[in-house]
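Below, each chain spelled out in residue letters.
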Amino acid sequence: METPGYKRQLGTFDGTMLVMGGIIGAGIFLNPAIVAQRVGTPLLTIAAWCLGGAIALAGAFCFAELGARAPRAGGGYVYLRDAFGPLPAFLYGWTLLLVIATGAIAAVAVSFARYATELAGASETMVTPVAITAIVLLSAVNYFGVRPGAWTQNVFTILKIGALLVLIFFGLTMAPAAAAAEAGQGEPVGSLWIAMGTALIPVLFAFGGWQQTNFVAEEMKDPAKTLPRVLVLGVLGVIAVYVLSNVVYVRQLGIDGLAASRAPAADVMRAAVGEFGATFIAAGITASMFGFLNLVILVTPRVYQAMAADGLFFPAVARLHPRHRTPATALGVQAVWAVLLTLSGTYGQLLDYVVFGDWIFFGLTAATLFVYRRRDRAESGNGFRAPGYPLIPALFVLAAAYVVLSSIISNPVNAGIGAVLIGLGVPAYRWFGRGGGTSGRSRVAGG
């Protein structure tokens, strides 16, 4: 009997919402204060966000070409496997399942639950039950097809963008507070290069997430054209929203006020329309986190399914639901592990351990473009081609390496533990590669 494949149901609007929803989380509402603290002046603050956006766009160009070349479910896993062999690809999927994706699901679900219970006036004891309910609910929604998951994503991405647009409107149209109007231009914090470098770390993390859309390339209509289009459109849209949001923060709070703020978006809206404004932003953050949670739950199981189809994971995970055409078992495995991490309370520490690993694989995946290009050097190349090759992809790989190096220097103990967690994937790879836990046939050659 023929194995059912994915359905191509996602169009340009769906894909753009996936890209923007994968980037915009709670960070832009809360974290620009960190950037202001690290650079010390309005100009450098805005410049850091512009530079971060340029780096994100460079990465989007790389992933757009990779997606056009190999529009298959699994995204980065597929590119790593094709370019560098099955072991790096497996380690990517292993780390996603062990911590990066599931830990993010747990962390975001708990943060969402905290905001939601506070808005509802519920007891703090409800945080964990609400978080687990959100994980299970969204996993169920995505079990029934990519369309329900995409509809959910569209709604909550529109809500979070809407909240930011309201913030931008009030921030640009109302007069700055007296303290902000009288504030000076601040002073750069130490060396310009060091200050900008440290500020780029939270900026680049805030811009991360657009690469996840490549996981569902096989479910896009005409993915060779649609995926590059939505990546570029989505990242450009987020750059515009992020830069304008920071212009608002600096204009309304001043550089010192921004640096001292624990919740700059809420502070701006409180000044504009009182406590209702702060509540509005809290609701926007809640919607933003729920949408991001849905995005991770929707797209990441496609990686585990691709691994299993290669004989590198349990064979049941490779099967798609015969009716809904979703990686149902992979969704279940992910949900169970994320719930266990939520209940254990260890997700935050685990994420701290491997957060640098995400950027290792980010850089490695972008570097696969050099391998693909070298293999078809004699061809003229059809479809989307990343502009500025090889300079732009090289700059993105260097930026990823900088984030990894900075993470290691800032906390070598965590990085060491994270390296061990990633390294545990090597014996797991060899076990699955020898047929452990699987009777399925591997498509992987070599390695």
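Residues numbered from 1 in each chain as written. Predicted model: local features only at pLDDT ≥ 70, side-chain atom pairs only at ≥ 80, totals over all residues. Heavy atoms only, no water.

Asker: Honestly, the overall build of the protein in this entry has me stumped. Any pointers?
Answerer: Tallying secondary structure elements over the protein gives 20 helices and zero strands in all. Here the C-alpha atoms of the protein give a radius of gyration of 22 Å, agreeing with the 22 Å that 2.2 N^0.38 yields for 447 residues. Along the first, second and third principal axes, the C-alpha atoms of the protein reach 70 × 55 × 45 Å. Out of the 447 residues in the protein, the part that is buried amounts to 56%. In the protein, the share of contacts with a sequence separation of at least 24, taken over all contacts with a separation of at least 6, comes to 84%. When the accessible surface of the protein is split by element, carbon and sulfur atoms take 66% of a total near 17900 Å². One finds the centroid of the 28 positive side-chain charges in the protein at a distance of 11 Å from the centroid of its 19 negative side-chain charges. (Helix = DSSP H or I, 4+ residues; strand = E, 2+ residues; numbered from the N terminus. Rg over C-alpha atoms; globule rule 2.2 N^0.38 Å. Buried < 20%, exposed > 50% of the residue type's maximum accessible area, 1.4 Å probe, protein only. Contact = heavy atoms within 4.5 Å. Areas by Shrake-Rupley, 256 points an atom, 1.4 Å probe, with all protein chains shown as cover. Lys, Arg positive; Asp, Glu negative; His and termini not counted. Charge placed at Lys NZ, Arg CZ, Asp CG, Glu CD.)

Asker: Got a minute to help me understand the packing of helix H10 (residues 192-207) against helix H18 (residues 391-410) in this structure?
Answerer: Working note: a packed helix pair is described by the angle between its axes plus the distance between those axes. At a closest axis distance of 10 Å, the pairing of H10 and H18 adopts a crossing angle of 110°. In terms of orientation, H10 and H18 fall into the roughly perpendicular class. On H18, the residues that touch Gly-197, Thr-198, Ile-201, Leu-204 and Phe-205 of H10 are Tyr-402, Val-403 and Ser-406. Looking at the contact of H10 with H18 residue by residue, the classes come out as five nonpolar, three polar and no charged. (Axes fitted to C-alpha atoms, helices over the stretch in contact; angles between N-to-C directions. Parallel < 35°, antiparallel > 145°, perpendicular 65-115°, else oblique. Nonpolar A, V, L, I, M, F, W, Y, C, P; charged D, E, K, R; others polar.)

Asker: Looking at this structure, how should I read helix H19 (residues 412-423)?
Answerer: Residue pairs spaced three or four apart in an α-helix point in one direction, given the helix's 3.6 residues per turn. For H19, built from twelve residues, the straight-helix expectation of 16 Å at 1.5 Å per residue is met to within 8% by its first-to-last C-alpha distance of 16 Å. Listing the buried residues of H19 in full gives Asn-414, Ala-415, Gly-418, Leu-421 and Ile-422. Buried residues along H19 cover an arc of 115° about the axis, so they all sit on one side. When the buried face of H19 is taken as reference, the exposed residues oriented beyond 90 degrees from it are Pro-412, Val-413 and Val-420. In the core, the buried residues of H19 are packed alongside helix H6 (86-120), helix H17 (347-375), H18 and helix H20 (425-433). (Expected span 1.5 Å × (residues − 1). Arc of directions from axis to C-beta.)

Asker: Whenever I open this one, the environment of Ala-48 confuses me. Can you help?
Answerer: Mapped onto the elements of the fold, Ala-48 is located in helix H4 (residues 42-69). Since its relative accessible area comes to 0%, Ala-48 is described here as buried. Sequence-wise, Ala-48 and Thr-128 are 80 residues apart; in three dimensions their C-alpha atoms are separated by 36 Å. If we ignore the near neighbours within four places in the chain, the residues touching Ala-48 are Val-35, Met-196, Ala-199, Leu-200 and Val-203.

Asker: Even after reading the chapter, I still don't get the environment of Thr-173, so can you show me in this structure?
Answerer: Counting through the fold element by element, Thr-173 comes out in helix H8 (residues 146-173). Each C-alpha atom of the pair Thr-173 and Ala-272 lies 9.9 Å from the other, and the pair is 99 residues apart in sequence. Within the structure, the side chain of Thr-173 is placed 2.7 Å from the backbone oxygen of Phe-169, a separation counted as a polar contact. (Polar contact = N/O pair within 3.5 Å; in protein donor to acceptor, adjacent residues only side chain to side chain.)

Asker: Please explain the pattern of salt bridges as it appears in this structure.
Answerer: One side chain can pair with another of opposite charge once the charged atoms of both are near each other. The tally for this structure, following the rule as stated, stands at twelve salt bridges. In this structure, Asp-14 and Arg-147 form a salt bridge, with 2.7 Å as the shortest nitrogen-oxygen distance. Here Arg-147 lies in helix H8 and Asp-14 lies in helix H1 (residues 12-23), a separation of 133 residues in the sequence. For the pair Asp-14 and Arg-147, a shared accessibility class is recorded, and that class is buried. (Salt bridge = Lys/Arg side-chain N within 4 Å of Asp/Glu carboxyl O.)

Asker: Please clarify how unusual backbone geometry should be interpreted in this entry.
Answerer: What you tend to see is this: most non-glycine residues have negative phi, and most peptide bonds are trans. For the bond running from Tyr-389 to Pro-390, omega is 5°, close enough to zero to count as cis. Residue placement: Pro-390 occurs in the loop between H17 and H18. Notably, Asp-222 is not glycine yet its phi reads approximately 50°, a positive angle. With respect to the helices and strands, Asp-222 occurs in the loop between H10 and helix H11 (223-260). Residue Asp-222 is classed as partly exposed on the basis of its relative accessible area, which comes to 43%.

Asker: Looking at this structure, how should I read a nonpolar patch on the surface?
Answerer: Together, Val-336, Trp-337, Leu-340 and Leu-343 make up a nonpolar patch on the protein surface, roughly 380 Å² of accessible area in all. Judged by its relative accessible area of 56%, Leu-343 falls in the exposed class. (Patch = residues over 30% accessible without salt bridge, like charges linked within 9 Å, V, L, I, M, F, W, Y side chains within 5 Å.)

Asker: Teacher, can you tell me more about the side chain of Thr-342 here?
Answerer: Assignment of secondary structure puts Thr-342 in helix H16 (residues 328-344). For Thr-342, a relative accessible area of 5% corresponds to the buried category. Only 2.8 Å separates the side chain of Thr-342 from the backbone oxygen of Ala-338, close enough to count as a polar contact. Ignoring any residue separated from it by four or fewer positions in sequence, one finds Thr-342 in contact with Ala-106, Val-110, Thr-128, Ala-131, Ile-132, Ile-135 and Tyr-347.

Asker: Help me understand the environment of Ala-260, please; the structure alone is not making it clear to me.
Answerer: Locating Ala-260 in the fold gives a position in helix H11. Overall, Ala-260 belongs to the exposed group, its relative accessible area being 62%. With 226 residues separating them in the primary sequence, Ala-260 and Ile-34 have C-alpha atoms 8.9 Å apart.

Asker: Quick question: what am I supposed to make of the packing of H8 against helix H12 (residues 264-273) here?
Answerer: As a packed pair, H8 and H12 sit with axes 10 Å apart at the nearest point and diverge in direction by 55°. On the basis of the axis angle, H8 is oblique to H12. Of the two possible hands of crossing, H8 and H12 adopt the one that is left-handed. Touching Val-166, Leu-167 and Phe-170 of H8 are Ala-265, Val-268, Met-269, Ala-272 and Val-273, all from H12. (Left-handed = near helix turned anticlockwise from the far one by under 90°.)

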